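Remarks on the overall topology
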Amino acid sequence: MIKIEEKLFQNRYRVDEGHPHIHIINPEVCADNCSAQSCTYVCPAGCYVADEKGDITLTTDGCLECGTCRIICNDHHNVAWEYPRGGHGILFKFG
Ligand code: SF4
Ligand code: SF4
């Protein structure tokens with residue numbers, strides 16, 4: 001099976017360094033109050049990763065801007081989400 005990283009490599013990104021367009025509002029809510037941690041398995045790009053303590057690491061570099069994580073976090077509304085600034089983020093080659 002083709003790995004997700006290999007698929008993502010087929011997309012082109014211009015990462016907006018220092019301006020992540022998504023962030024977790026309160027990391028403690030993820031670790032302490034969110035048992036489902038749905039973001040860690042719904043993100044098609046695997047941007048959300050939980051460690052053994054339940055802390056979430058969000059890496060937005062591969063983000064496809066689908067918006068799923070913002071919607072799935074509807075119990076806690078703990079994801080702040082905006083589109084990357086113009087010219088950044090995913091550049092659809094075949095889109
Ligand atoms: S679903 Fe929301 S609150 Fe739960 S771990 Fe993910 S970002 Fe945190
Ligand atoms: S917008 Fe989509 S691809 Fe980006 S982090 Fe959220 S779920 Fe993952």
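Bear in mind the structure is a predicted one, so any value in this text is a computation, not a measurement. (Residues numbered from 1 in each chain as written. Chains lettered and ligands numbered in written order. Predicted model: local features only at pLDDT ≥ 70, side-chain atom pairs only at ≥ 80, totals over all residues. Heavy atoms only, no water.)

**Some remarks on the nonpolar core**
- Core analysis: the largest hydrophobic core is formed by 15 residues, its most contacted members being Ile22, Cys47, Tyr48, Ile56, Cys69 and Val79.
- If you list the elements that add at least two residues to this core, you get strand E2 (22-24) and strand E5 (79-81).
- With residues near it in sequence (within four places) discarded, Tyr48 still touches Ile22, Ile24, Cys39, Thr40, Cys43, Ile56, Thr57, Leu58, Cys69 and Val79. (Core = buried A, V, L, I, M, F, W, Y, C linked by side-chain atoms within 4.5 Å. Buried < 20%, exposed > 50% of the residue type's maximum accessible area, 1.4 Å probe, protein only. Helix = DSSP H or I, 4+ residues; strand = E, 2+ residues; numbered from the N terminus. Contact = heavy atoms within 4.5 Å.)

**Details of the pattern of salt bridges**
- Counted according to the given criterion, the structure contains one salt bridge.
- Between Asp55 and Lys53 there is a salt bridge, and its shortest N-O distance comes to 3.7 Å. (Salt bridge = Lys/Arg side-chain N within 4 Å of Asp/Glu carboxyl O.)

**Some thoughts on the site of ligand 2**
- Residues in contact with ligand 2 amount to 13 residues; listed here are only the nearest, Cys43, Cys63, Cys66, Gly67 and Cys69.
- Among the residues forming the shell around ligand 2, the class breakdown is 10 nonpolar, two polar and one charged. (Near = heavy atom within 4 Å. Nonpolar A, V, L, I, M, F, W, Y, C, P; charged D, E, K, R; others polar.)

**Some details on the site of ligand 1**
- Every residue lining ligand 1 is accounted for by Cys30, Cys34, Gln37, Cys39, Ile56, Cys73, His76, Asn78 and Val79.
- Of the residues assigned to the shell around ligand 1, the class counts are six nonpolar, three polar and no charged.

**Structural notes on the environment of Thr40**
- Among the structural elements, Thr40 can be located in helix H3 (residues 39-42).
- Each C-alpha atom of the pair Thr40 and Ile56 lies 8.1 Å from the other, and the pair is 16 residues apart in sequence.
- Once you skip the residues sitting within four places of it in the chain, Thr40 turns out to touch Tyr48, Val49, Ala50 and Ile56.

**As for the environment of Ile56**
- Inspection of the secondary structure puts Ile56 in strand E4 (residues 56-58).
- Judged by its relative accessible area of 15%, Ile56 falls in the buried class.
- Discounting residues that sit within four places of it in the chain, Ile56 has contacts with Ile24, Cys30, Gln37, Cys39, Thr40, Tyr48, Val49 and Ala50.

As far as function goes, none of this settles anything; it's purely spatial.
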